[in-house]
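Understanding the architecture of this molecule
Residue-level listing of the chains:
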Amino acid sequence: MTEPDLNLLFALDALLTEGSVTGAARRLGLSESAMSRTLGRLRATTGDALLVRAGRNMVLTPYAEEIRQRTQHSVSEARAVLQPAATALDLATLDRVFNLRTNEGFVEAFGSTLINAVAQVAPRVRLNFVAKPEKSSRDLREGRVDLEIGVLGNMGPEIRMQALFRDRFVGVVRQGHPLAQQVTLRELAAWGHIVASRRGELGGPIHDALAAAGYTRQIAAVVPAFSTAVAIAQGSDLVALVPRSLFLCHPLIKASPALVSFELPFSTPEMTVSQFWHPRLENDTAHRWLRGLVRDQIPLP
């Protein structure tokens, strides 16, 4: 079945509104000859003359009069679909749940800040933080997650990304620990370490840096979360190696006088923490507001 040329609908609207070939041509930016040819196509498609001469003027046929308002409405609806107007966002009445996939450290460091910021302007919005067992864009693509926050990775060419801040590892020990005063490679390797890894992995940039200098670190424990590593360090002589953002922004850690952080005696690659989303949410007004809120609320000191 041959579909009609929908471009003719816009030409029909111009002809019925202007009531003349000249006016319709001017309205659409066409020559009169081109508009006349289009009128001929419309007559062939509809089976009606649409515009007929009455003396020196053109008048609409009864069928053209009948469909004029329907045509205007159809063109208006088509433009609304193809050129949607920005929807006004009323945060006070916005009722929505946003699923954010993050690791535990991010939630502990920034969760209260984000939740409080949302509650102040959008009290009916709920943030649902979900676990991040693996680096994958599948949940974003399939719509189970609205926003993913984490270290820059290969999420696929279609996934949108915005960098939030850069992070690096620091050492954390209890107040009074010898490493709180001065740290050398030898001294760092001499103390037992706590490794935070959900998968129980022992390697990483810090392990590699010590090995490259000829040192082997003594791993006393492996725990699943950075905050757990800090808690153990506070009650022992062990060293926790954690992201700087956690030490500076975790409400309990940053306020604890029992903890001290120190810069590592070697350089490690910085980590870029970003937010990721699927392009289908690119122009969603509520989602755009959420992305802006996340970007503005978590700058590091």
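Residues numbered from 1 in each chain as written. Predicted model: local features only at pLDDT ≥ 70, side-chain atom pairs only at ≥ 80, totals over all residues. Heavy atoms only, no water.

Quick look at unusual backbone geometry
Rule in force here: In this description a helix means any DSSP run of H or I spanning at least four residues, a strand means any run of E spanning at least two, and both kinds are numbered starting from the N terminus.
Positive phi, close to 70°, is recorded for Leu50, a residue that is not glycine. Here Leu50 is to be found in the loop between α3 (32–46) and β1 (51–54).

Focus on the pairing of strand β3 (residues 96–101)
Using the following cut-off: Whether two strands pair depends on DSSP finding at least two bridges between them.
Sheet topology note: the β3/strand β4 (residues 125–130) ladder contains 6 bridges and is parallel. Paired with Asn99 across the strands is Asn128, a residue of β4. For β3 and strand β5 (residues 147–151), the ladder comprises 2 bridges, and the chain directions are parallel. Bridge assignment links Arg101 to a residue of β5, and that residue is Glu148.

Focus on the pattern of salt bridges
The cut-off we apply is this: Between Lys or Arg on one side and Asp or Glu on the other, a salt bridge is scored when a side-chain nitrogen of the former is within 4 Å of a carboxyl oxygen of the latter. Buried residues are those whose accessible area, probed at 1.4 Å on protein chains only, stays under 20% of the maximum for their type, while exposed residues exceed 50% and partly exposed ones sit between those limits.
According to the stated counting rule, one finds 14 salt bridges in the structure shown. Arg101 serves as the salt-bridge partner of Asp139, at 3.6 Å between the closest nitrogen and oxygen. A residue pair is termed long-range when its members are at least 10 positions apart, and Asp139 in helix α6 (residues 138–141) and Arg101 in strand β3 qualify at 38 residues. The exposure class assigned to Arg101 is buried, which follows from its relative accessible area of 2%. Its salt-bridge partner being Asp139, residue Arg144 comes within 2.7 Å of it at the nearest N-O pair. Here Arg144 falls in the partly exposed class, since its relative accessible area comes to 43%. Residue class for Asp139 comes out buried when judged on its relative accessible area of 17%.

Topic: the nonpolar core
We count it as follows: Nonpolar cores are built from buried Ala, Val, Leu, Ile, Met, Phe, Trp, Tyr and Cys residues. Side-chain atoms within 4.5 Å join them into one set. Whether two residues are in contact is decided by their heavy atoms, any of which lying within 4.5 Å being enough.
Counting 40 residues, the largest nonpolar core has Phe98, Ile149, Val172, Trp289, Leu290, Val294 and Ile298 as the members making the most contacts within it. Per-element accounting of this core gives the leading share, 6 residues, to helix α5 (residues 104–121). For Val172, the residues in contact, after removing those within four places along its chain, are Val230, Ala233, Leu238, Val239, Ala240, Val242, Phe247, Leu259, Val260, Ser261 and Phe262. Counting residues in each nonpolar core, the second largest holds 17 residues, with Ala11, Val21, Ala25 and Leu51 among its members.

Details of the environment of Phe110
Here Phe110 lies in helix α5. Under the relative-accessibility criterion, Phe110 is labelled buried at 4%. C-alpha of Phe110 to C-alpha of Leu246: the two residues are 136 residues apart in sequence and 8.8 Å apart in space.

Some details on the packing of aromatic side chains
By convention here, two paired aromatic rings are described through the distance between centres and the angle between planes. Condition: We call Phe, Tyr and Trp rings a pair once their centres come within 6.5 Å, taking the six-membered ring for Trp, and we label the pair stacked below 30 degrees between planes, edge-to-face above 60, and tilted otherwise. Cation placement over rings: the criterion is NZ of Lys or CZ of Arg within 6 Å of the ring centroid and within 35° of the ring normal.
For the structure shown, the criterion picks out 3 aromatic pairs. Seen from their ring centres, Phe106 and Phe110 are 5.0 Å apart, and the 45° between their planes marks the pair as tilted. Linking Phe106 with Phe110, this pair stays in helix α5, spanning 4 residues, or about one helical turn. Geometry around Trp277 places Arg291 over its ring, the cationic atom sitting 4.3 Å from the centre.

Some remarks on the environment of Arg141
Definition in use: Polar contacts, as counted here, are pairs of nitrogen or oxygen atoms within 3.5 Å of one another; within protein the pair requires one atom able to donate a hydrogen and one able to accept it, and residues that are adjacent in sequence qualify only if both atoms are side-chain atoms.
Examined against the element boundaries, Arg141 turns out to sit in helix α6. As for Arg141 and Pro279, which are separated by 138 residues in sequence, their C-alpha atoms are 8.9 Å apart. Setting aside residues up to four positions removed in sequence, Arg141 forms contacts with Glu158, Ile159, His278 and Arg280. One polar contact links Arg141 to Ser137, side chain to side chain, over a distance of 2.5 Å.

Regarding the sheet that holds β5
Convention followed: Note on geometry: axes are C-alpha line fits, over the in-contact stretch for helices, and angles between N-to-C directions span 0 to 180 degrees.
In spatial order, the strands read β4-β3-β5-β12-β6; together these 5 strands make up an open sheet with mixed pairing. Strands with a single pairing partner mark the edges of an open sheet, and in this sheet they are β4 and β6 (160–167). On average, each strand axis in the sheet is tilted by 20° relative to the strand beside it, whichever way the strands run. Those strands touched by α5 are β4, β5 and β6, and its axis lies near 170° from that of β4. Each of β3, β4, β5, β6 and β12 (271–277) is contacted by helix α12 (residues 285–297), which is oriented at about 50° to β3, the strand it contacts most.

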